Amino acid sequence: MSASCSMERNSAQFTPYTYVYHDGTVFDLQPVRVVSSCRLDIYTFPFDVQNCTLTFNSYLHSLPAIQIGRFMSTEEVFQYSKTMMTTMGEWELTEIKSLHQQLPTSFNSTYEELRFFISVRRRSMLYVVNLLIPSCFLITVDLFSFLLPPQKVDRSLFKMTLILGFTVFLLLMNDLLPITGNTIPLISVFLSLCLALMVVSLLETILITNLLHSSTHYSEVPRWIRLSVIHILGHLVLLPPKPTQMEQIIQNPATLEMNASTKRASEGEAHGPEGPLDEDKAVEELRSLGRDLRVIRLKVEQELNVSQSTEDWNQVGFIIDRLLFAIYILFLSVSFICIIGMWVNSYNAS
Amino acid sequence: MSASCSMERNSAQFTPYTYVYHDGTVFDLQPVRVVSSCRLDIYTFPFDVQNCTLTFNSYLHSLPAIQIGRFMSTEEVFQYSKTMMTTMGEWELTEIKSLHQQLPTSFNSTYEELRFFISVRRRSMLYVVNLLIPSCFLITVDLFSFLLPPQKVDRSLFKMTLILGFTVFLLLMNDLLPITGNTIPLISVFLSLCLALMVVSLLETILITNLLHSSTHYSEVPRWIRLSVIHILGHLVLLPPKPTQMEQIIQNPATLEMNASTKRASEGEAHGPEGPLDEDKAVEELRSLGRDLRVIRLKVEQELNVSQSTEDWNQVGFIIDRLLFAIYILFLSVSFICIIGMWVNSYNAS
Amino acid sequence: MSASCSMERNSAQFTPYTYVYHDGTVFDLQPVRVVSSCRLDIYTFPFDVQNCTLTFNSYLHSLPAIQIGRFMSTEEVFQYSKTMMTTMGEWELTEIKSLHQQLPTSFNSTYEELRFFISVRRRSMLYVVNLLIPSCFLITVDLFSFLLPPQKVDRSLFKMTLILGFTVFLLLMNDLLPITGNTIPLISVFLSLCLALMVVSLLETILITNLLHSSTHYSEVPRWIRLSVIHILGHLVLLPPKPTQMEQIIQNPATLEMNASTKRASEGEAHGPEGPLDEDKAVEELRSLGRDLRVIRLKVEQELNVSQSTEDWNQVGFIIDRLLFAIYILFLSVSFICIIGMWVNSYNAS
Amino acid sequence: MSASCSMERNSAQFTPYTYVYHDGTVFDLQPVRVVSSCRLDIYTFPFDVQNCTLTFNSYLHSLPAIQIGRFMSTEEVFQYSKTMMTTMGEWELTEIKSLHQQLPTSFNSTYEELRFFISVRRRSMLYVVNLLIPSCFLITVDLFSFLLPPQKVDRSLFKMTLILGFTVFLLLMNDLLPITGNTIPLISVFLSLCLALMVVSLLETILITNLLHSSTHYSEVPRWIRLSVIHILGHLVLLPPKPTQMEQIIQNPATLEMNASTKRASEGEAHGPEGPLDEDKAVEELRSLGRDLRVIRLKVEQELNVSQSTEDWNQVGFIIDRLLFAIYILFLSVSFICIIGMWVNSYNAS
Amino acid sequence: MSASCSMERNSAQFTPYTYVYHDGTVFDLQPVRVVSSCRLDIYTFPFDVQNCTLTFNSYLHSLPAIQIGRFMSTEEVFQYSKTMMTTMGEWELTEIKSLHQQLPTSFNSTYEELRFFISVRRRSMLYVVNLLIPSCFLITVDLFSFLLPPQKVDRSLFKMTLILGFTVFLLLMNDLLPITGNTIPLISVFLSLCLALMVVSLLETILITNLLHSSTHYSEVPRWIRLSVIHILGHLVLLPPKPTQMEQIIQNPATLEMNASTKRASEGEAHGPEGPLDEDKAVEELRSLGRDLRVIRLKVEQELNVSQSTEDWNQVGFIIDRLLFAIYILFLSVSFICIIGMWVNSYNAS
């Protein structure tokens, strides 16, 4: 008797005794150490159940010569195996079935075959704790990082550090997975999806950052963007365009003054040479004060650059940011539900 | 005689002599190299004590044929083993017990069995130095990082870097742990808890950062938040609402002036066209100066944006920050005491 | 019969029976476990197809003594092997060919030889998911990072973190590749090229950062740079020199005032001591106010330092940045198309 | 003859010849391949010297039957071994001693025993270059990072990155160390001490950062802190309290003006309604200008917030920073001298 | 015949036939699988050439009994070996020499010995691509990072991240190097030198950062530093002291005004109480305006703090920065040329 897929020489201790009983029963209690291999299906790793088959038949002799039977029922074998399995830490024996059949050989005879179907279930607790929960943590952090104000904090560097951590994490975890063919395990899809989402959200952050910081170099917001993004999308993501009343109060006198001052400036230029003649010196001094003050005002305004164009671009940035945040949440939810659903299905099916 | 759970062929040097004495004693000083396996219980890793059993019985012969005994007492075996153990660096032999019994076979005979119960204790010093102390260091740094002022320093990036370090650390440490079934070792729980706490505190930091930096976009603090958070929670965490006296002094004239200036501005708008007619030029210049100055003031105020709403939101942020800091400390203390307690219990019990 | 390149002793179970039939056919169903080696060509890793040869001939006996034949056709061997291959997860059996020939020995006799040519194709899915896609993600992030405004965000630190992540990633991936001679696998070229591009774009970022931040220490933009870079290159990369009209409005009065104020300042210095005598005190006060105001204005202007020289240098920086961005995209596209082309070619050819 | 602690079967080529000479000398040139184990003492790793013992005695026969001797002197054995050791790259053979003795067996007979004491010294150069020097580099960087101005540069993030690097470094280095019992090797103590120092200095940095940035929220520096820290400790660390003359000049008029302005403000409030009636319009305008200007001044002062309290807290921060820097240097020097001393001692002793 | 340094039992298939010819030639085509060891000299790794010796002699029989010869010439052996070497991916066979000699035994007889000297050259391409080029990239980035303006960008954090990346890189690469005695391989020296240069340049950056940011706390630049650093070294590194004309224009009126204002301030203090009595209210208002304005001016100046002392310290910082940059480039060039020279020498010599 030998396991058909075992190609290793039996390395267990040899026992020189064979018991022959009066009824023809022969006991040969030969211990056999079998190294067998089993096709792993890691699609649902780490929630996978592996089914292995141990086939016992005679390699040389056909049926009348060697009959194969078993002393214990499959149930007893199962119970006995469970108590004997001491070191298979990662696997839990779930079922043992057997099949006893007679098969024809190629020489017009039959031979007996005994098959054991062994199901082992991977204990997934440690993988969940060490692999799934931390990656969920990281994707949660990525989700929350949308709350970081991009104009104050370097959100892109934050996300880059997050991706760096996730990459190291992803690669170290690849050591755990056995390399098998074209069926990518679900967990690999899950982790790659997380990485893809992080990268996409990083790219979006870079875009927003560019929009918020470089908008002073941009021209006016085009009319169609203003209409579609600020008015339509803005209402969609609960960021309606500001009434800009307060702003107007500040802005109005400024522009009003601007016109006035430029008018006066041009006036001043115009009757500049004759002004000092028919004015007393105090007024002249005041005018020079006024000119200084206007320059300061222009500088201060320039520094704060709250031009309407920039405001609009910022508003566009915030709206896109929030819109993509919503899409991100949506996509994340859908894909997670899908993957968890597939996991549950595969788990129940297997 | 062979160890029952050893499936490996004896690989020690074969000795061809057997000594037969006149009293029937047979000495067969056969050296045996046994590779045995032992079920590891790593629940209390690295403070675990492993109990292994070595069972010696005859695989073939029942009692009258083979009797099993021992020459040395268990104590002598223990002492001798201790001096002989040279390379078991990580383990310390703590106890050897033996059990000598006769068991019935399935063929109406009995066979003798000699069991040795071997206890080895893991030397945990290196794990404490390399694993527990650095992770305590990191969680301490995370705890202290609450002191970083979120409005000046990028606390979220700091915490992200910390989590990155901890993740790498966590994964590298997983290499040390043998993978065993569903009983998660306490140390894994401990490290995952540390990670969870770090992530939660990072999320909290992101929230606070959002509250502090983006509060200018927010509307007024709702009444119930003001009441519950600023007044009640604020007193709880020793951050009572500021009397804002100093603030008021600055604020008051400003708002007062604001009203005045807007009133004057509207006045100025009203009799703007007629004003210059019945005024001398100095006053006109002064008015134009005043307009410039008001614009500058509005800009400066806008830049410093110390509106009451922002102040309140900041106060809410600080209060929540400190509150979560307190909860964090509380939770950390409780969970650490729990885990250390469980460790001590398991350690004493085993 | 033994595989010629197998130097290992057969480690499979020995079978003591040999069947001798009446027609002289001898069946010796000896299972053989062969450890063979095969020259790997990893140029197109992970899309490689390996061709191995198993040669069966007699090591000792020439032709009349031993004839080598096969019972199954090559196709049957192929189909049977496919069903039997359970554990070769990473490899997919694609083809088995055989060659049956007679070769002369050195002793004027011939011997028979049976060669099997076995083609196995690496299942590249997992490598694509874990290796190529993440590195494409990272290079995409590097590409997009050109959008980060270098004067507001620390783009160099961002890129450094990216390179750090890529380096760790690159090195961990080197573990996957077998070390073989001088033919660098294409994937290694691909990853090194990515790294080189990242480093070059980092160096470019450092240069731009230097140009943007330190330009206040620089002298005027030389005439030939202004002509070649700002006017010619600027139009090329769609960054034409600004008309600086708005700027002029702000700038003009400032410089005008500057001249005026310095003139007045010198005047003031000149008849400073005698002025207060023949002027009333109000005018004197106004003059002192004016001096204070001018100092503030100069400070404010200094702080905003929008000198034309700095503006020009910044413009040069932006133009070079965008130019290198274009070159980067161009080079990236060309090299990626080349590498993918070589991959496709090699893949089809093999 | 067999090495007593070798449990492996001799795997060297068997030689079938034994030379028997006329004088009874028997040559049995049996090559023996011994896998022996040796208790490692890695306390002084990587400067350790290992002493191993090879004991040759007869496992079965007592003295008259088997006599053990050697052909070469110990010195010759040592020289011959040195030339023969080709692949023990990491170890350098330093000494071979031998002991030839007769020991009583438990059966009233004696047996001969030949012991070789072999000393090998680890070649520490590579460990020094790869392990000790980089960690000294990192601790030096940590030491120098005290020079980073905490109020301008994010020193805490810098130190966190440093610790991240050191942690990865520490863990990767743990792979090099064999795991042995409770005697922590000195190098482990050294590295843990470095880590502890880095963490402590990071915590200190966080405290200082908190003190420097959040001091505006604090109340006055208590009298005892001012006395003990600023005056006593300040002189100790060569940071005496500033005379604050320049500061006073700026501060004095400000506070003086403050009083004046609040007085005037209250005056203005008081006869505000009646003032405009008996004043000409110019003065009225000037007053309104004055009010605007005062608000701007208050804002500017608020922005620069150089209140005495903040200044004092900053001073406290700087003093503590420098004090802890001094303590850090002191502790670092003492502990390094201790560890190096212990290393040298252990090295000389062994 | 057996390889003298092979202690492993031959594990190749046993062949039971020996051919005895009429002329006394005996063919024993015994396949032998030899595991031999060879002393590695990795001084010039990865450009090393290893020379191994295979010695064939009789372990037992002296010359008349066994004669050793070879059928193929050394050149044929070399060519045949080259075609047979299929799996030695990393090594390239460069030369096989042989030595046939007779040596005296210790029993007055001679024995024949056949030595093969085998030279294999490591294929260094992969190491160059994966190890040397990335580290050159990193050192180049470190070199360029001197261009980062230290007062605007956090150059120290940038360099720290770079060192972090290099450390990880360095340690992962140590896995590739075999551990051999006291001869440090050149590549290790090269990488350590890179690390040292990076650390030194980081320390320099910290110093510069301290000088640039904290210089407001410093006293005047001492005369000898000003002379030696600013004037002499400054010219050396092409950073001559600025003429500070433009600066003077701004500075001059400021200091002039400062004196005036303090004089006036003291005056104002002096006849403050009596002034308002003999002045009309407009002038009084103007004076109060003037006081406000002066305070603002002082604050603004304080904020911009362009004191001469700070300017000088900054200049010192820039000069030292550029000087060390030059020294860095110099040292880098010299050491790289040295190492490359040693590499080329060793490579040619071996």
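Residues numbered from 1 in each chain as written. Chains lettered and ligands numbered in written order. Predicted model: local features only at pLDDT ≥ 70, side-chain atom pairs only at ≥ 80, totals over all residues. Heavy atoms only, no water.

**Quick look at the overall build of chain A**
Let me state the cut-off plainly: Put simply, DSSP H or I for four residues or longer makes a helix, DSSP E for two residues or longer makes a strand, and each gets a number counted from the N terminus. To sort residues, take the accessible area from a 1.4 Å probe on protein chains only and compare it with the maximum for the residue type: under 20% means buried, over 50% means exposed, and anything in between is partly exposed. In what follows, a contact means two residues having at least one pair of non-hydrogen atoms within 4.5 Å. Here the Shrake-Rupley method, with its probe set to 1.4 Å, supplies the accessible areas, and only the displayed protein chains count as covering residues.
Helix and strand content of chain A: nine helices and six strands. Within the span of chain A, comprising 350 residues, buried residues form 46% of the whole. Summarising the internal contacts of chain A: among those between residues at least 6 apart in sequence, 72% fall at separations of at least 24. Put simply, chain A shows about 17,600 Å² of open surface, and 62% of that area lies on carbon and sulfur atoms.

**Thoughts on helix H4 (residues 186-213) of chain D**
For the record, the criterion: One less than the number of residues in a helix, times 1.5 Å, gives the span that helix is expected to have.
With 28 residues, H4(D) should cover 40 Å at 1.5 Å per step; its first-to-last C-alpha distance of 40 Å lies within 8% of that length. Of all 28 residues in H4(D), 23 are buried, a share of seventy percent or more.

**Concerning the pairing of strand S6 (residues 110-122) of chain D**
In regular strands, side chains alternate between the two faces of the sheet. Residues and elements named next belong to chain D. Let me state the cut-off plainly: Criterion used throughout: strands pair if DSSP finds at least two bridges between them.
Strand direction decides the pairing type here: strand S4 (residues 49-57) and S6, joined by nine bridges, are antiparallel. Looking across to S6, one finds that Thr55 is bridged to Arg115. Relative to S6, strand S5 (residues 91-104) runs antiparallel, the two sharing 13 bridges. Along S6, the bridge assignment pairs Leu93 with Val120.

**Topic: a nonpolar patch on the surface**
Formally: Residues with no salt bridge and a relative accessible area higher than 30% make up the patches, which join like charges within 9 Å and nonpolar side chains (Val, Leu, Ile, Met, Phe, Trp, Tyr) within 5 Å. Any carboxyl oxygen of Asp or Glu that lies within 4 Å of a side-chain nitrogen of Lys or Arg is treated as forming a salt bridge with it.
A grouping of Phe71(A), Met72(A), Tyr80(A) and Met84(A) is seen on the molecular surface, where their side chains present a nonpolar patch of about 490 Å² in accessible area. Take Met84(A): it is sitting in helix H1 (residues 74-84).

**Comments concerning the pattern of salt bridges**
As enumerated under the stated definition, the model contains 21 salt bridges over all chains in all. In this structure, Arg115(A) and Glu113(A) form a salt bridge, with 2.8 Å as the shortest nitrogen-oxygen distance. The partner of Asp48(E) in a salt bridge is Arg122(E), and the shortest N-O contact between them spans 2.7 Å. Taken as a pair, Asp48(E) in the loop between strand S3 (26-27) and strand S4 (49-57) and Arg122(E) in strand S6 (residues 110-122) lie far apart in primary sequence, 74 residues in all. The same class applies to Asp48(E) as to Arg122(E), namely buried.

**Let's talk about the environment of Leu177(E)**
Residue and element names in this part refer to chain E. Along the chain, the position of Leu177 falls in the loop between helix H3 (155-174) and helix H4 (186-213). By relative accessible area, Leu177 is classed as buried at 12%. Considering only alpha carbons, one finds Leu177 and Ile42, 135 residues apart in sequence, at a separation of 8.4 Å. Discounting residues that sit within four places of it in the chain, Leu177 has contacts with Ile42, Phe45, Pro185 and Ile187.

**Points about the side chain of Lys159(A)**
All names here are of chain A. Along the polypeptide, Lys159 turns up in helix H3 (residues 155-174). The exposure class of Lys159 is buried, given its relative accessible area of 0%. Leave out the neighbours within four places in its chain, and Lys159 touches Asp142, Ser145, Phe146, Ser201, Leu202 and Thr205.

**Structural notes on unusual backbone geometry**
Residues Phe45(C) and Pro46(C) are joined by a peptide bond in cis, for which omega reads 0°. Relative to the helices and strands, Pro46(C) is located in the loop between strand S3 (26-27) and strand S4 (49-57).

**Structural notes on the environment of Ile118(C)**
All names here are of chain C. Tracing the backbone through its elements, the reader meets Ile118 in strand S6 (residues 110-122). Residues Ile118 and Asn210 lie 92 residues apart in sequence; the distance between their C-alpha atoms is 59 Å. When residues no more than four places from it in sequence are discounted, the contact partners of Ile118 are Gln50, Asn51, Cys52, Leu54, Leu93, Glu95 and Ile96.

**Comments concerning the side chain of Ser124(E)**
Looking at where Ser124(E) falls in the secondary structure, it is placed in the loop between S6 and helix H2 (125-144). The exposure class assigned to Ser124(E) is buried, which follows from its relative accessible area of 15%.

**Structural notes on the nonpolar core**
Note the cut-off: For the purposes of this section, nonpolar cores are sets of buried Ala, Val, Leu, Ile, Met, Phe, Trp, Tyr and Cys residues that join through side-chain atoms within 4.5 Å.
Core analysis: the largest hydrophobic core is formed by 204 residues, its most contacted members being Phe166(A), Phe166(B), Phe166(C), Phe166(D) and Phe166(E). Sequence-distant contacts of Phe166(C), that is, excluding residues within four places in its chain, are made with Ser135(C), Leu138(C), Leu191(C), Cys194(C), Leu195(C) and Met198(C).

**Some thoughts on the packing of aromatic side chains**
Heads up, the condition is: A pair of Phe, Tyr and Trp rings is counted when the ring centres sit within 6.5 Å of each other, with Trp represented by its six-membered ring. The angle between the planes then sorts it: under 30 degrees is stacked, over 60 is edge-to-face, the rest tilted. Should the NZ of a Lys or the CZ of an Arg lie within 6 Å of a ring centre and within 35 degrees of the ring normal, that charge is described as sitting over the ring.
Applying the stated criterion across every chain yields a total of 35 aromatic pairs over all chains. Here Phe56(E) and Phe116(E) contribute two aromatic rings whose centre-to-centre distance is 6.0 Å and whose plane-to-plane angle is 80°, an arrangement assigned as edge-to-face. Of the two residues, Phe56(E) is situated in strand S4 and Phe116(E) in strand S6; the sequence distance between them amounts to 60 residues. Take Phe56(E): its relative accessible area is 22%, and that puts it in the partly exposed class. Given a relative accessible area of 13%, Phe116(E) falls into the buried group. Clustering of aromatic rings is evident, with ring pairs tying together Phe47(A), Phe190(A), Phe336(A) and Trp343(A). Above the ring of Phe146(C), the side-chain terminus of Lys159(C) is found at 3.9 Å from the ring centroid.

**Topic: the packing of helix H2 (residues 125-144) of chain B against H4(D)**
Note the cut-off: Note on method: axes are straight lines fitted to C-alpha atoms, helices fitted across the in-contact stretch only, with angles between N-to-C directions ranging 0 to 180 degrees. For classification purposes, angles smaller than 35 degrees are called roughly parallel, those larger than 145 roughly antiparallel, those between 65 and 115 roughly perpendicular, and all remaining angles oblique. Throughout, the ten residues Ala, Val, Leu, Ile, Met, Phe, Trp, Tyr, Cys and Pro are labelled nonpolar, Asp, Glu, Lys and Arg are labelled charged, and all others, Gly among them, are labelled polar.
Packing of H2(B) against H4(D) brings their axes to within 10 Å, and their N-to-C directions diverge by 5°. Of the possible angle classes, the one that applies to H2(B) and H4(D) is roughly parallel. Taking contact as the criterion, the partners of Leu126(B), Val129(B), Asn130(B), Pro134(B), Phe137(B), Thr140(B), Val141(B) and Phe144(B) in H2(B) are, on H4(D), Ser188(D), Ser192(D), Leu195(D), Ala196(D), Val199(D), Leu202(D), Leu203(D) and Ile206(D). For the contact of H2(B) with H4(D), the per-class residue count stands at 12 nonpolar, four polar and no charged.

**Digging into the confidence of the model for chain A**
Residues and elements named next belong to chain A. For clarity, the cut-off: In predicted models, pLDDT denotes the confidence assigned by the predictor to each residue on a 0 to 100 scale.
Put simply, chain A has an average pLDDT of 75, and 76% of its residues get 70 or more. A low-confidence stretch, residues 1-7 stays under pLDDT 50, and its non-local contacts, those more than four residues away or across chains, total 19 contacts. Here residues 244-279 scores under 50 on pLDDT; set against residues more than four positions off or in separate chains, the count is 33 contacts. If you check the scores for this complex, the pTM reads 0.81 and the ipTM reads 0.75.

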